[in-house]
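Descriptive analysis of the structure
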Amino acid sequence: MIHSQNYIGGEWSIPTDGELIVHNPSNVKEQVGIVHLSGASEVLHAEQAARSALPGWAGLSPAKRGDTLGRLATALEANVETLATIASREMGKPISEMKGEVMRGVNLLKYYAAEGVRSHGSVIPASEAGVLQYTKRVPLGVVGIITPWNFPVAIPIWKIAPALLCGNTVVWKPAEFACLTATKMIEIFVDAGLPAGIINLVIGKGSKIGDVLLEHCNLNAISFTGSTSTGQRIAAICARRNIKYQTEMGGKNAAVVLKDADLDLAIPAILSGAFRSAGQKCTATSRIIVEREIMPSFTAALQKGMEALIMAPALDAKAYLGPVASSSQYDSVMSYVTMAREQAQVVAECKSDVADGEGYFIHPLVVSGVSSDHPLVQEEIFGPVAVVLEADNYEHAVALCNATIFGLSASVFTQDLNQGLRFLDDAEVGMVRVNQETAGVEYQAPFGGTKWSSSHTREQGQAALDFYSEVKTCAIKYS
Ligand code: ADP
């Protein structure tokens, strides 16, 4: 049995405000570990520890901070298998995908390590002679990082690495279903020489300790990824307290298949977008908008592709998708499956054989025949269920694509360069792609959405440095 622990001010501790038993979502009879929950005092302690470590860490040169990130990258790379295995057992992501995710974490750390010696300001000509005027980035202070369970390694690192590089210290609260992974990741970092107090891991229920973190801690910024409702709540508190914030929330991402699409390219990309990670990505493909005249050939090709998908326990190397992450996820997604079977027509489904009753497995399902305002078309399902909408032509397809409160990611499949380029302009999303799946934006590129998908900042790449620092304008008169 693995036990979660807090890591605050360089000390490990087990909080005593309750516990949760983690069952392997691939086999619920197996107990993977115990998550020990914090109360208010641990959260306040974590903020104090981060505050105490701040002057020392912020006072290092960015190059020295980058050196630390480089050491964390090396240690993580040496532990890909170990960390991926814990995560697969904790939240059900197939091991092959999970190893890829840990490697993404390694690459993010290497990317931000190198930022320590890149330029990060500009010289601005002054109106007067004899004045040197320039900008530089300065740290924000203590940053609260609240992460979800669906990318238990990559999302925390894409927040923590740029936050640290910019000279901030961190209080990190992972999701309840990713705490064993979080503990192991910090253990790997501590073994690699993580300086005390720069990352403070505090484990607990968001509903219980979230308000302590947001209302009673003296945080300088919050970065959150999770549901739209929690994001809205966090944004409201931060706006009232004038805390810099970013919220990455839901998506209802469309793949648009135009009549000239190369289906041999489109179908694997749509299957991957919709069903990898059992559809539990905010960038998952959950609407498939198809030009009406190719519906028969599209449907036939989709069904063939879905028949070949392998759903299996997460540690099975052959698994294309595993179970959903938890019993609450299972209940929530199954309510949409029931709705889909009662109110829509099945277009294609996967009947891959897995031992039912052993884990939270949900067979991939694609349905059609519902109107564009139906909950299946408008609500984020976060599971292996997608809905097909038929479009009369390109303009109708774009209108359907944009008819959602979300604006995270969208794809178009076409062989016509003009249609592809038009779609890059027309799709009201933060990430738009031609002949590629809706998920899978690379770590060096900005990640984020428009409308209700985000608070309109961006993560990853250079964009993250803008969030985790503030610009100071400096001027020196000399003679
Ligand atoms: P999901 O439904 O995907 O779990 P949530 O938004 O509930 O999404 O959770 C995302 C993260 O936000 C988790 O770490 C969770 O513990 C945290 N969280 C949940 N509620 C709150 C809250 N009221 N305040 C702060 N964090 C919260």
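So, how was this worked out
- Sequence order sets the numbering: in each chain, residues are counted from 1 along the sequence as written.
- With the structure being a predicted model, the display of local features is reserved for residues of pLDDT at least 70 and the display and counting of side-chain atom pairs for 80 or more, all residues being used for whole-chain, interface and lining totals.
- By convention in this description, side-chain values take in all heavy atoms of the structure and omit both hydrogens and water.
- Helix and strand labels come from DSSP, where a helix needs a run of H or I of at least four residues and a strand needs a run of E of at least two; each type is numbered from the N terminus.
- Each helix should span, by expectation, one fewer than its residue count multiplied by 1.5 Å.
- Exposure is judged per residue with a 1.4 Å probe applied to protein chains only, and the accessible area is read against the type maximum: over 50% gives exposed, under 20% gives buried, and values in between give partly exposed.
- Residues are treated as being in contact if the distance between any of their heavy atoms lies within 4.5 Å.
- Any residue with a non-hydrogen atom lying within 4 Å of a molecule or strand is treated as near it.
- Polar contacts, as used here, are pairs of N or O atoms within 3.5 Å; protein pairs need one atom able to donate a hydrogen and one able to accept it. Residues neighboring in sequence count only if both atoms are side-chain atoms.
- Shrake-Rupley sampling with a 1.4 Å probe provides the accessible areas, and residues are treated as covered by the protein chains on show and by no other component.
- Buriedness for pockets is judged along seven lines, at least five of which must meet protein on both sides within 12 Å for an open set on the 1 Å grid over protein atoms alone, while cavities are sets there where a 1.4 Å probe fits but cannot get out, and lining residues have an atom within 4 Å of a point.
- In this scheme, a molecule is assigned to a cavity or pocket if more than half of its atoms are within 2 Å of the grid points.
- Classification convention: Asp, Glu, Lys, Arg as charged; Ala, Val, Leu, Ile, Met, Phe, Trp, Tyr, Cys, Pro as nonpolar; all other residues, Gly among them, as polar.
- Start and end points for every domain follow an automatic or database-based domain assignment.
- Here's the idea: put two parts together, see how much 1.4 Å probe accessible area each one loses, and the total over both is what we call buried area.
- What makes a salt bridge here is a side-chain nitrogen of Lys or Arg within 4 Å of a carboxyl oxygen of Asp or Glu, nothing more.
- What counts as a disulfide here is a pair of cysteine sulfur atoms lying within 2.5 Å.
- Note on pairing: two strands pair once DSSP finds at least 2 bridges between them.
- Axes here mean lines fitted to C-alpha atoms, for a helix over just the part in contact, with angles spanning 0 to 180 degrees between N-to-C directions.
- Classification of ring pairs rests on two measures: the distance between centres of Phe, Tyr or Trp rings, Trp counted by its six-membered ring, which must be within 6.5 Å, and the angle between planes, read as stacked under 30 degrees, edge-to-face over 60 and tilted in between.
- Either the NZ atom of lysine or the CZ atom of arginine qualifies as a charge over a ring when it sits within 6 Å of the ring centre and within 35 degrees of the ring normal.

A few words on helix H2 (residues 62-78). Taking 1.5 Å as the rise per residue, H2 with 17 residues should run 24 Å; its terminal C-alpha atoms sit 25 Å apart, in good agreement. Here H2 has its buried residues at Arg-65, Gly-66, Thr-68, Leu-69, Leu-72, Ala-73, Ala-75 and Leu-76. Turning to H2, the residues buried within the fold contact helix H1 (40-58), helix H3 (80-91), helix H4 (95-115), helix H5 (154-165) and helix H6 (179-191).

Neighbouring the ligand are 17 residues, the closest being Thr-147, Lys-173, Glu-176, Ser-227 and Thr-230. At 3.4 Å, a side-chain N or O of Trp-149 approaches an oxygen atom of the ligand. Look at the ligand: alone it shows 550 Å² of surface, and the protein chains cover 79% of it. Under a 2 Å grid-point criterion requiring more than half of the atoms, the pocket assigned to the ligand is the largest pocket. Mapped onto the shell around the ligand, the elements with two or more residues apiece are helix H7 (206-216), strand E10 (221-225) and helix H8 (228-241). The dominant element in the shell around the ligand, judged by the number of residues it contributes, is H7, at four residues. Here the residues of the shell around the ligand are counted per class, giving six nonpolar, eight polar and three charged.

Taken domain by domain, the chain comprises domain 1 (2-249 + 454-477) and domain 2 (253-442). Centre-to-centre, using C-alpha coordinates, domain 1 lies 31 Å away from domain 2. Listed per partner, the contact involves 26 residues of domain 1 and 31 residues of domain 2. Between domain 1 and domain 2, a total of about 2100 Å² is buried, with carbon and sulfur atoms accounting for 57% of that surface. Counting across the interface, domain 1 meets domain 2 through two salt bridges. Where domain 1 touches domain 2, the interface holds nine residue pairs in polar contact (both at pLDDT 80 or more). Looking at the side of domain 1 that touches domain 2, the elements that each hand over two or more residues are strand E5 (27-36), H3 and H4. The biggest single contributor to the side of domain 1 that touches domain 2 is H3, with five residues. Of the residues contributing to the side of domain 1 that touches domain 2, the split by class is nine nonpolar, nine polar and eight charged.

Each disulfide consists of one covalent bond between the sulfur atoms belonging to two cysteines. Applying the stated criterion across every chain, the model contains zero disulfides. As a non-bridged cysteine, Cys-166 has Cys-474 as the owner of its nearest cysteine sulfur, 16 Å distant. You can call Cys-166 buried: its relative accessible area is 8%. Summary of cysteine pairing: Cys-179 is not part of a disulfide, and the nearest cysteine sulfur, belonging to Cys-217, is at 17 Å. Relative accessible area serves as the criterion here: at 0%, Cys-179 is assigned to the buried category.

A separate point is the pairing of E5. As paired strands, strand E1 (residues 2-3) and E5 are joined by two bridges and run parallel to one another. Looking across to E5, one finds that His-3 is bridged to Ile-34. Examined bridge by bridge, strand E4 (residues 19-24) and E5 share six bridges and lie antiparallel to one another. Following the sheet pairing, Asn-24 is matched in E5 by Asn-27. The antiparallel pairing of E4 with E5 creates a hairpin that spans two residues between the two strands.

Reading across from one edge, E1-E5-E4 is the order of the three strands in this open sheet, with mixed pairing throughout. Looking at which strands have only one partner, the edges of the open sheet turn out to be E1 and E4. Set on the sheet, H3 makes contact with E1, E4 and E5; between it and E4 the angle comes to about 100 degrees. Here H6 sits on the sheet and contacts E1, E4 and E5; the angle it forms with E5, its principal contact strand, is near 55 degrees.

A separate point is the sheet that holds strand E16 (residues 385-391). The strands making up a sheet associate through backbone hydrogen bonding, with each pair oriented either parallel or antiparallel. Spatially, seven strands are ordered E14-E15-E16-E13-E12-E18-E19 in an open sheet, and the strand pairing comes out mixed. The sheet is open, and its two edges are formed by strand E14 (345-349) and strand E19 (431-434), each paired on a single side. Between one strand axis and the next, the sheet turns by 20 degrees as a mean value, whatever way the strands run. Two strands pair when backbone bridges link them, and strand E18 (residues 409-413) and E19 are joined in this way by four bridges, in the parallel orientation. Looking at E19, one finds that Ser-409 is bridged to Met-431. Against the sheet, helix H10 (residues 295-307) contacts strand E12 (253-257), strand E13 (285-291), E14, strand E15 (365-368) and E16, and its axis sits at roughly 50 degrees relative to E14.

Applying the stated criterion across every chain yields a total of seven aromatic pairs. Aromatic pair Trp-158 and Phe-447: ring centres 5.0 Å apart, planes at 45 degrees, arrangement tilted. One end of the pair, Trp-158, is in helix H5; the other, Phe-447, is in the loop between E19 and strand E20 (450-451), and 289 residues separate them in sequence. Of the two residues examined, Trp-158 and Phe-447, each falls in the buried class. Feature note: the residues Tyr-111, Tyr-112 and Tyr-443 constitute an aromatic cluster, connected by ring pairs. Lying over the aromatic face of Phe-151, Lys-93 brings its terminal NZ or CZ to 3.7 Å of the ring centre. When the ring centre of Phe-467 is taken as reference, the NZ or CZ atom of Lys-244 above it lies at 5.2 Å.

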